[in-house]
Amino acid sequence: MVSLIVDAPTAREALVALKDPLKSASALIQLKAMSILGALVKNTGHHFHVELATKKWMDRLIKMVRTTRDSRVREKVLQLMVDWEQMFQLQLQLDEFSIALHRLKAKGVELPPPSEKGTRRSHRRQKSGDTTVNCSTGAERTLTRKESTKIPQTAQLTAIEILMTNIQADMSNLELGIQRPEILQHEVADECRQHLQKIQVVLSTDLPDQAMYEFINMSDQLHELLGLYDALYTDGTAAELALDREVSELKKLDAQIRDEDEAIAKKETEMAELQASLKAAQQELRLAQDETRQRSLRAPHNEKQKAMYAKMTQVVSNCVNVKQAASDLKSRMMDELEKMKQENAKFQVELEDSLMEFPVLMEKARTGESKAFLTLKKLYTIEVNTRKQLYNKLQELRGNIRVYCRVRPLSEKERLQHSENMMQYPGEGEIVVKDGAKQRAFEFDLVYNDGTTQEEVFEDTKPLINCVVDGYKVCIFAYGQTGSGKTYTMAGPHNNPGINRRALSRLFELVAERKDVEKSIVSVSVLEIYNENIRDLLASKVDDTVKYEIKTHPQDGQYVENLTSFPVQSLSDIDAYMAKAEKNRSSGRTNMNEHSSRSHMVLYVVVRTTNLQSGVVTVGKVSLVDLAGSERVGKSGATGDRMKEAQCINKSLSALGDVISSLSKNDSHIPYRNSKLTHLLKDSLGGNSKCLMFVNVSPASWNANETINSLQFAFRARGVVIGTAKKNVVPS
Ligand SMILES: Nc1ncnc2c1ncn2[C@@H]1O[C@H](COP(=O)(O)OP(=O)(O)OP(=O)(O)O)[C@@H](O)[C@H]1O
Ligand SMILES: [Mg+2]
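Everything numeric in this text was worked out from a predicted model, so none of it was measured.

**Some details on the overall build of the protein chain**
Per the secondary structure count, the protein chain includes 23 helices and 20 strands. Taken across its 732 residues, the protein chain has 41% of its residues classed as buried. Looking at the protein chain alone, contacts between residues at least 24 apart form 69% of all its contacts between residues at least 6 apart. A total of about 41,900 Å² of accessible surface is found on the protein chain, and carbon and sulfur atoms cover 53% of it.

Structure follows, in structure tokens:
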């Protein structure tokens, strides 16, 4: 027998016993465990090899190689594995060794060469099929094929073989016991000593060589193990001391850790206690604060708090008072509300009654039957008249140019053309021109609508005429667009005369009324300014070559030198002279007006009055001016002479505008001399005259622009203050 044969359970137990030492953190123990494993492989039989040559065990060993930090361990494992592979390379069922080595190589692990020395018993294949066996003594003996295959798979153990097995088992146990003292059975050591003695006995017998070598080898190993055992457990060697030291160090460390744990636990306890006391302190503080607050409210104990407390008490008391007052007020309001509701209900009833009567009252009012309505109307008329009189008085006192606006009716032609009447009269003295979407409002001293009669117009002019007999100078002139009704207003048709004739008629009336106290002589002159030339229309023969000069008399003011003057005593005289003047007047026909005045015509009426008692002589004069119509040259369709007329008319009217503008601005220089017209009207516009201007306008929308221009001009003129008129008393 060349090998120690073990059964499968024994092999398994031996390997299980080695697992932990191989995993030990101590390299020494790992090395020892590997030595034991190596010895077991060498000295046991096939079952042990099969148990070892598993993937599990190979993994375990590979892991050792890869994880150990000790090169000795790594080298030992690798060496054993290489040797095992060599040893079992013929046995296919043990191929795990070569697979494990292959894996290691694949991971870059350098493998050592097989160790001849380390494998005391290795099997190398020879060509002949024989196997060379290394004996523990170092001698090498070649077994025949017959012998080598003679190694039994299951054995009929002889006494020697049993002895060998027992020795081997005890050796393994002792070896393991040395590694793991907790499983060490000291009897095993005694057994091993006895085995040594037995080996001595056996060796003295005649044994086969192989068995002898085996026993010798075992004996060496037993000595080795027992020496180790004695060193550890019998001799009290340095290892034991080192172990003791380690144990004592560990104990110290353990004690230290325990101390630290205790200290930590103590600190934690202290901390918890501190936290608890902090919480309690906070709670106490809160309670104390509440208490303080309560106390300060109940019983203020410093001045500031006292003052605050007093103030709060006062505020509370005020609140109570206010609440009471509010409650009183509310109840009073409720009473008032109730009363109001009752009154309202009463009023509702009255209102409903009144509403029932309202239509009847309205009807009465409309028909003028209501007494109240009539009274109101009367009062209103008085009020209007009084206001008018006062205003006139004021104007007179201020010496303004008074402006009356007169709107003519739409002409037959305009009506046929469906021209729109754009005039509105919102109130006394007010006029609104509604030109499409645009509206222009003006205010004048008086406004006459298109239905106003000649008589009504003269009624408002009469007071001025009255003044003439008293020695005042009066100027009445009509201004406006051509065809707007200037001539109609001033001269008027024969059957419905205008200002001129009515003024004279009035003068004659006055003269007649005063004939007992005054003697008055009324004389008339008529001139026209045509193309900037003055023409004497009452001259026996109108001569356009004669130049009439405008002069200024110290008392009478402006006058025209050499102008024919005729005394008149009746209306028929006037009609005759007016007819003569009309006959001599220059007039043309334009598209705008078939009987257009192409010149400015002035009728002077002078009243020389001598007071029969005092002999005082006063000279009054009224200048009645019918201006030529302003017109746009293009619109009038004028050419040639008509064009020249139009240009002269416009030029003189423009000069009139400049004079009015300068007067309204109170300029130091007034450009009277820019035209014959303004020069002639100098003492009427800027002197001590009473001046009335009629602004005549057309209501037709077609004339909107000219109408608005005329109204603007007149409005400006209305602002001109010419000063308070004075009586013209002629020194006797
Ligand atoms: N208030 C009025 N009532 C009735 N018809 C009037 C009225 N005003 C003017 N007319 C008529 O309008 C026409 C033009 O009037 P008028 O000749 O007075 O214009 P005008 O202003 O003198 O024009 P021109 O500047 O061209 O001389 C006349 O036919 C006139 O009878
Ligand atoms: Mg005219």
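**Considerations on the site of ligand 1**
Every one of the 15 residues lining ligand 1 counts as a neighbour, but T482, G483, T487, S596 and S597 are closest to it. Here G483 contributes a backbone N or O atom positioned 2.7 Å from an oxygen atom of ligand 1. G485 has a polar backbone atom sitting 3.0 Å from an oxygen atom of ligand 1. Its free accessible area being 620 Å², ligand 1 has 76% of it covered by the protein chains. The element best represented in the shell around ligand 1 is helix 16 (residues 486–490), accounting for 3 residues. Taken together, the residues of the shell around ligand 1 sort by class into 2 nonpolar, 10 polar and 3 charged.

**Quick word on the UniProt feature "binding site: ATP" (unreviewed entry) in the protein chain**
The UniProt feature table records "binding site: ATP" (unreviewed entry) at G480, Q481, T482, G483, S484, G485, K486 and T487. Position of G483 relative to the elements: it lies in the loop between strand 9 (473–480) and helix 16. Relative to the helices and strands, K486 resides in helix 16. Taking relative accessible area as the criterion, K486 reaches 4% and is therefore assigned buried.

**Here's the deal with a negative patch on the surface**
A cluster of acidic residues, D259, E260, D261 and E262, forms a negative patch on the protein surface. Turning to its location among the elements, E260 is positioned in helix 11 (residues 238–298). The class for E260 is exposed, based on a relative accessible area of 52%.

**Quick notes on the packing of aromatic side chains**
Evaluated as defined, the whole model comprises 7 aromatic pairs. Ring centres 4.7 Å apart and planes at 15° place the aromatic pair F566 and Y577 in the stacked group. A residue pair is termed long-range when its members are at least 10 positions apart, and F566 in strand 14 (residues 566–568) and Y577 in helix 18 (residues 571–584) qualify at 11 residues. Exposure remark for F566: the relative accessible area of 24% places this residue in the partly exposed category.

**Some details on the sheet that holds strand 6 (residues 430–435)**
Within the open sheet, the 3 strands sit side by side as 5-6-7. Their pairing is antiparallel. Bordering the open sheet on either side are strand 5 (423–424) and strand 7 (438–443), each of which pairs with just one other strand.

**Some words on the packing of helix 2 (residues 27–43) against helix 5 (residues 71–87)**
It is the contact of helix 2 with helix 5, at a shortest axis distance of 9 Å, that shows an interaxial angle of 10°. The angle between the axes of helix 2 and helix 5 places the two elements in the roughly parallel class. The residues of helix 5 that touch helix 2, namely those facing A27, Q30, L31, M34, S35, L37, G38 and V41, are R72, V73, K76, V77, L80, W84 and M87. Each residue belonging to the contact of helix 2 with helix 5 can be placed in one class, and the counts come to 10 nonpolar, 3 polar and 2 charged.

**Let's talk about the packing of helix 2 against helix 8 (residues 159–179)**
Relative to each other, helix 2 and helix 8 sit at 170°, their axes nearing to 10 Å. The angle between helix 2 and helix 8 places the two elements in the roughly antiparallel class. Residues I29, K32, A33, S35, I36, L40 and N43 of helix 2 form the contact with helix 8, whose own contacting residues are Q168, S172, E175, L176 and Q179. Looking at side-chain class alone, the contact of helix 2 with helix 8 contains 5 nonpolar, 5 polar and 2 charged residues.

**A look at the environment of L163**
With respect to the secondary-structure elements, L163 resides in helix 8. Classification of L163 by relative accessible area gives buried; the value is 14%. Distance in space between the C-alpha atoms of L163 and F215 is 9.7 Å, their sequence separation being 52 residues. Residue contacts for L163: discarding those within four places in its chain leaves H195, K198, V202 and F215.

**Examining the confidence of the model for the protein chain**
Of all residues in the protein chain, 76% attain a pLDDT of 70 or more, and the chain-wide mean is 79. When the elements of the protein chain are averaged for pLDDT, strand 3 (residues 140–143) gives the smallest value, 35, and strand 8 (residues 446–448) the largest, 95. Below a pLDDT of 50 lies the segment residues 117–157, which in the model reaches 84 contacts outside its immediate sequence neighbourhood of four places, other chains included.

**Overview of helix 4 (residues 55–67)**
With 13 residues, helix 4 should cover 18 Å at 1.5 Å per step; its first-to-last C-alpha distance of 18 Å lies within 8% of that length. Three or more residues of helix 4 are buried, namely W57, M58, R60, L61, I62, M64 and V65.

**Some points on the pairing of strand 18 (residues 617–626)**
Of all 10 residues making up strand 18, 10 are buried, and the element is well covered by its neighbours. Residues V617, V619, K621, S623 and V625 point to one face of strand 18 and T618, G620, V622, L624 and D626 to the other, with burial holding for every one of them. Pairing analysis gives 6 bridges linking strand 9 to strand 18, with the strands arranged parallel. Within strand 18, the residue paired with I476 across the bridge is L624. With 10 bridges joining them, strand 17 (residues 600–611) and strand 18 adopt antiparallel strand pairing. Bridged to V605 within strand 18 is V622.

**A word on the nonpolar core**
Core analysis: the biggest nonpolar cluster contains 50 residues, and C405, F444, F477, L527, L656, L685 and M693 have the highest contact counts within it. Beyond its immediate sequence surroundings of up to four residues, L527 is in contact with I534, R535, L537, V560, L563, H600, M601, V602, Y604 and L680.

**Let's talk about helix 17 (residues 499–513)**
Every α-helix winds through 3.6 residues per turn, so residues three or four apart in the chain are directed the same way. Spanning 15 residues, helix 17 covers 20 Å between terminal C-alpha atoms, matching the ideal 21 Å at 1.5 Å per step. Taken together, the buried positions of helix 17 are I499, N500, R502, A503, L504, R506, L507, F508, L510 and V511.

**A word on the pattern of salt bridges**
As enumerated under the stated definition, the model contains 18 salt bridges in all. Two residues, E51 and R12, come together in a salt bridge whose shortest N-O distance is 3.0 Å. Taken together, the residues E51 in helix 3 (residues 46–52) and R12 in helix 1 (residues 8–23) connect sequence positions 39 residues apart. Looking at E51, the relative accessible area reads 18%, which means it is buried. With a closest N to O distance of 3.2 Å, D445 and R718 form a salt bridge. Note that D445 is positioned in the loop between strand 7 and strand 8 and R718 in helix 23 (residues 704–718), a separation of 273 residues in sequence. D445 gets classed as buried once you look at its relative accessible area, which sits at 9%. A relative accessible area of 14% places R718 in the buried class. If you follow the salt bridges from partner to partner, you end up with K55, D59 and R103 in one network.

**Brief notes about the environment of R608**
With respect to the helices, strands and loops of the structure, R608 is situated in strand 17. Residue classification places R608 among the partly exposed residues on the basis of a relative accessible area of 41%. Through-space distance from the C-alpha of R608 to that of G471 is 7.6 Å; in sequence the pair is 137 residues apart.

**Some words on the pairing of strand 12 (residues 550–553)**
In this sheet, strand 13 (residues 557–560) lies alongside strand 12 in antiparallel orientation, the contact comprising 4 bridges. Bridging from a neighbouring strand, T552 pairs with Q558 of strand 13.

**Considering the state of the cysteines**
Evaluation of the coordinates by the stated rule reveals 0 disulfides. Not engaged in a disulfide, the cysteine C475 finds its nearest cysteine sulfur in C691; these two sulfurs lie 4.5 Å apart.

Definitions and limits used
- Residues numbered from 1 in each chain as written.
- Chains lettered and ligands numbered in written order.
- Predicted model: local features only at pLDDT ≥ 70, side-chain atom pairs only at ≥ 80, totals over all residues.
- Heavy atoms only, no water.
- Helix = DSSP H or I, 4+ residues; strand = E, 2+ residues; numbered from the N terminus.
- Buried < 20%, exposed > 50% of the residue type's maximum accessible area, 1.4 Å probe, protein only.
- Contact = heavy atoms within 4.5 Å.
- Areas by Shrake-Rupley, 256 points an atom, 1.4 Å probe, with all protein chains shown as cover.
- Near = heavy atom within 4 Å.
- Polar contact = N/O pair within 3.5 Å; in protein donor to acceptor, adjacent residues only side chain to side chain.
- Nonpolar A, V, L, I, M, F, W, Y, C, P; charged D, E, K, R; others polar.
- UniProt positions renumbered as here; feature names shortened; annotations may be inferred.
- Patch = residues over 30% accessible without salt bridge, like charges linked within 9 Å, V, L, I, M, F, W, Y side chains within 5 Å.
- Salt bridge = Lys/Arg side-chain N within 4 Å of Asp/Glu carboxyl O.
- Lys, Arg positive; Asp, Glu negative; His and termini not counted.
- Charge placed at Lys NZ, Arg CZ, Asp CG, Glu CD.
- Phe/Tyr/Trp six-rings, centres within 6.5 Å; stacked < 30°, edge-to-face > 60°.
- Pairing = 2+ DSSP bridges.
- Axes fitted to C-alpha atoms, helices over the stretch in contact; angles between N-to-C directions.
- Parallel < 35°, antiparallel > 145°, perpendicular 65-115°, else oblique.
- pLDDT = per-residue confidence, 0-100.
- Expected span 1.5 Å × (residues − 1).
- Core = buried A, V, L, I, M, F, W, Y, C linked by side-chain atoms within 4.5 Å.
- Disulfide = S-S within 2.5 Å.

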